[in-house]
Amino acid sequence: MKPRAKRHARVAPAKFTLWQQTALIAAIIVAVAMVYLPVLRGDFVWDDFLLITGNPLLQNFSGLVEIWSGGRTADYFPLTNTIFWIEHHLFSANATGYHAVNILLQIANALLVWRLLTRLNIPGAWLAGLIFGIHPVHVASVAWISELKNLLAMFFALLSVLCFLELDGQRLRNSVTAYAASLVFFALALLSKTQVVFLPFVLLLCAWWRNKKSAETKTNHDLRRDVIRSWPFFALAIVLGLVTMWFQNRGIGEEEIVIGSLPRRFVNAAMAIWWYAGHLFAPVRLMAIYPNWRFDSPRVLEWLPLIALIGILTGLWHWRDRGTRGAFFAVACFVVALLPSLGLVRMAYVRSGTLVANHLQYFADVPLLALFSAGVAYAWNHQQRMTKIATATIVTLLVGAMGTYAFARVQVYRNEETLWQDNLSKNPDAWQAHIMMAQRRFKQERYAEAAYHAGRAAELKPELADIHNELGLAYCRLERFEEGIAEYRAALQLKEAKPSTARNAGVAKIRANLANALAITANHLSESAPTSPEETMRRYDEAIRQYEEALELDPQQPAIHRNLGMLLAQLGRYDEAIAHLQATLQMVPNEPLARETLDAIEASRR
């Protein structure tokens, strides 16, 4: 046997007995379960309130119909939302059940990664599956309930690849079944999360990896056959990819999301690829929202990561017959899997100002983990005993360190407090973290802290009207009414500057908040002396006008009817007041303030 053949033989995938396989399966299950055990005590965080606990579409069967029609959803992920619908009816507001489902899916995905890499004859497949299951970067996809879409899409994507790889080894009838199953699983993956549009390219790369025939004619025939097989996958990816882009643009509306010029996008994409690779092999200072990226014209040195990436891929391809075939396969799959999330087109995830997030690399990590594990297998199969001992020691320490960090990282997702405090300690300029903390402090009636966080968010993201509204609410609770009124006016100006947001329910809430503040300050002016009666009446009149305009936008708001009715009654405009107070009581029977004011009006007329 030639030396090169011996080298490949030494790193051939290990064969396990039934008992060994059972033990290895149990090891992955136990490892993943132990790492994610703390999340069972976790709560809903971040988007969970929008997608689950506060999602009206999860309440009844008509909501399920709307989930599939896509009329009121921000993204078209109907399968994921269907699972949320089922979970809501099973677990209601108990987060433990949702977390348990995510953990089970992560275990299944880790086992499927092992199975897929074994099917591709890649050494060290079990180690890759284990690391995938407990890697700290993947905590964001498992501990965050909303990222069920990652787990579900990965589950079906892995099944799709496995079925596709079975085509050549089956008879015609079984081959048709495997092909149909692969296509169906891919469709289910797309309906879970469209980020898996890259999968047809991965299927072709997997086919290329398995095709090691020496005859040139045979290779070309296989390539044509695989391309023909893959075209329905590409068609599905294109259709659902365009659907997702339409949904994203509808949800974004006229909000300005900066992604930079085309050269900047290519430069950023290359830097993001290196960033993700770095965080895979050195997962340090992980956080929910990373610091902002640059979106201006690229500088000369910023082209170096792109040049280096192209150089590496070119070199690996050129030397593919001299030992770099596996490395090219891994790096190419890694890059392809990241392409949908590199900011090349305008997508909602870039609105935070950063281009990268841990959950966006979940699909792409498998090939590099496979490359690393194959290297470990090569070192382990080295004949020298000391090399084996050193390899086992290093890998054990690395896996232990990853599991320990992942265990600690899981506890960061325990609730909103722990998540955003952790984020702000590492990235104090994350405007989303500040606004989430502002809302949390407002609910806790810690208004000074709410004003601080909302103020920082307004400094960092001044173009968002809702942040100014939140800051106005905090100022008014602190009785800093003039500052609150100024923030409400700023919010209205931003809303009304765009036709898509000028007349929605959010504007009605801001107008009502402004009217409340104007009425309160008018009351203060009327009670103080000396004062200007003209200013007092001007504020009363503006408050009435803001209430009325709010009701034009959203007439089914009992609180606005009640407040307007009480103000009109205070000014002696009883007939107008009665109409609004009665409207309040029609929507909320026996609403105490409306009933008390209406009774007082009727008593004064007797």
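All of the points below concern the structure found in this document.

The rules behind the values
- Residues numbered from 1 in each chain as written.
- Predicted model: local features only at pLDDT ≥ 70, side-chain atom pairs only at ≥ 80, totals over all residues.
- Heavy atoms only, no water.
- Helix = DSSP H or I, 4+ residues; strand = E, 2+ residues; numbered from the N terminus.
- Salt bridge = Lys/Arg side-chain N within 4 Å of Asp/Glu carboxyl O.
- Buried < 20%, exposed > 50% of the residue type's maximum accessible area, 1.4 Å probe, protein only.
- Core = buried A, V, L, I, M, F, W, Y, C linked by side-chain atoms within 4.5 Å.
- Contact = heavy atoms within 4.5 Å.
- 1 Å grid on protein atoms, 1.4 Å probe; cavity = no way out; pocket = protein on both sides within 12 Å on 5 of 7 lines; lining within 4 Å.
- Points joined across faces, edges and corners; volume = space filled by probe spheres on them.
- Nonpolar A, V, L, I, M, F, W, Y, C, P; charged D, E, K, R; others polar.
- Axes fitted to C-alpha atoms, helices over the stretch in contact; angles between N-to-C directions.
- Parallel < 35°, antiparallel > 145°, perpendicular 65-115°, else oblique.
- Left-handed = near helix turned anticlockwise from the far one by under 90°.
- Polar contact = N/O pair within 3.5 Å; in protein donor to acceptor, adjacent residues only side chain to side chain.
- Expected span 1.5 Å × (residues − 1).
- Arc of directions from axis to C-beta.

1. Some words on the environment of isoleucine 307
- Here isoleucine 307 shows up in helix H14 (residues 304-318).
- Once the C-alpha coordinates of isoleucine 307 and glycine 260 are considered, the two residues, 47 residues apart in sequence, prove to be 19 Å apart.

2. As for the pattern of salt bridges
- Across all of its chains, the model carries 28 salt bridges by this definition.
- Between glutamate 302 and arginine 294 there is a salt bridge, with the nearest N and O atoms lying 3.8 Å from each other.
- Glutamate 302 sits in the buried class, given a relative accessible area of 14%.
- On the accessibility criterion, arginine 294 (35% relative accessible area) is partly exposed.
- Of the charged contacts in the structure, one is a salt bridge between glutamate 482 and arginine 539, with a shortest N-O distance of 2.9 Å. Here glutamate 482, found in helix H22 (residues 481-496), pairs with arginine 539, found in helix H24 (residues 533-553); they are 57 residues apart in sequence, far enough to count as distant.
- In this structure glutamate 482 comes out as partly exposed when scored by relative accessible area, which is 47%.
- Judged by its relative accessible area of 11%, arginine 539 is buried.

3. Here's the deal with the nonpolar core
- The biggest cluster of nonpolar side chains holds 186 residues, and the ones touching the most others in it are Tyr36, Val196, Tyr276, Tyr413 and Trp420.
- In terms of residues, this core owes the most to one element, helix H9 (residues 148-165), which gives 13 residues.
- Those residues in contact with tyrosine 413 that lie beyond four places of it in its chain are Asp43, Val45, Val139, Ala140, Ala143, Trp144, Ala288, Thr418 and Leu419.

4. Things to note about empty space enclosed by the protein
- Here the structure, examined in full by the defined rule, presents one cavity of 30 Å³ or more.
- Along its surface, the largest cavity is lined by Trp46, Ala140, Trp144, Met287, Ala288, Ala357, Asn358, His359 and Tyr413.
- Here the lining of the largest cavity is composed, by residue class, of seven nonpolar, two polar and no charged.

5. What about the side chain of threonine 244?
- Mapped onto the elements, threonine 244 comes out in helix H12 (residues 216-252).
- Overall, the relative accessible area of 7% leaves threonine 244 in the buried class.
- Those residues within four positions of threonine 244 in sequence are excluded, and the remaining contacts are Asp75, Phe77, Thr194 and Met347.

6. What to know about the packing of helix H13 (residues 262-281) against H14
- Where H13 meets H14, the axes come as close as 8 Å, and the angle between the chain directions of the two elements is 65°. One way to sum up the angle between H13 and H14 is to call them roughly perpendicular. When the axes of H13 and H14 are compared, the crossing they make is left-handed. Along its contact with H13, which presents Phe266, Ala270, Met271, Ile273 and Trp274, the element H14 presents Pro305, Leu306, Ala308, Leu309 and Ile312.
- Along the lines of polarity and charge, the residues of the contact of H13 with H14 split into 10 nonpolar, no polar and no charged.

7. Examining the side chain of serine 146
- Tracing the backbone shows serine 146 in the loop between helix H8 (139-142) and H9.
- One polar contact links serine 146 to aspartate 48, side chain to side chain, over a distance of 2.4 Å.
- Setting aside its immediate chain neighbours within four residues, serine 146 contacts Asp47, Asp48, Leu51 and Phe84.

8. Comments concerning unusual backbone geometry
- The backbone phi angle of serine 92 is positive, close to 55°, even though this residue is not glycine.
- Mapped onto the fold, serine 92 is located in the loop between helix H5 (78-91) and helix H6 (95-119).
- For glutamate 479, which is not glycine, the phi torsion reads 60° and is therefore positive.
- Relative to the helices and strands, glutamate 479 is located in the loop between helix H21 (465-477) and H22.
- Its relative accessible area of 61% is what places glutamate 479 among the exposed residues.

9. So, helix H16 (residues 365-380)
- Helix length check: H16 (16 residues) gives 22 Å between terminal C-alpha atoms against 22 Å at 1.5 Å per residue, within 8%.
- The complete set of buried residues in H16 reads Asp365, Val366, Pro367, Leu368, Leu369, Ala370, Ser373, Ala374, Val376 and Ala377.
- For H16, the secondary structure elements touched by its buried residues are H6, helix H7 (125-134), H9, H13, helix H15 (325-338) and helix H17 (385-412).

10. Some details on the environment of arginine 250
- Here arginine 250 shows up in helix H12.
- Among the residues examined, arginine 250 registers a relative accessible area of 35% and is labelled partly exposed.
- Put simply, arginine 250 and glutamine 493 are 243 residues apart on the chain and 22 Å apart in space, counted from C-alpha to C-alpha.

11. Quick notes on the packing of H13 against H15
- At their nearest, the axes of H13 and H15 sit 11 Å apart, and the two run at 115° to each other. Helix-helix and strand crossings are classified by hand; for H13 and H15 the assignment is right-handed. Taking contact as the criterion, the partners of Ile273, Tyr276 and Ala277 in H13 are, on H15, Phe334, Val335 and Leu338.
- When grouped by side-chain class, the residues that make up the contact of H13 with H15 number six nonpolar, no polar and no charged.

12. As for H14
- Here H14 contains 15 residues, and its C-alpha end-to-end distance of 21 Å stays within 8% of the 21 Å for a straight helix at 1.5 Å per residue.
- Within H14, the full set of buried residues consists of Leu306, Leu309 and Leu316. Buried positions in H14, seen along its axis, are confined to an arc of 105° and lie on one side of it. Of the residues in H14, the exposed ones pointing more than 90 degrees away from the buried face are Ile307 and His318.
- As for H14, its buried residues are in contact with H13 and H15.

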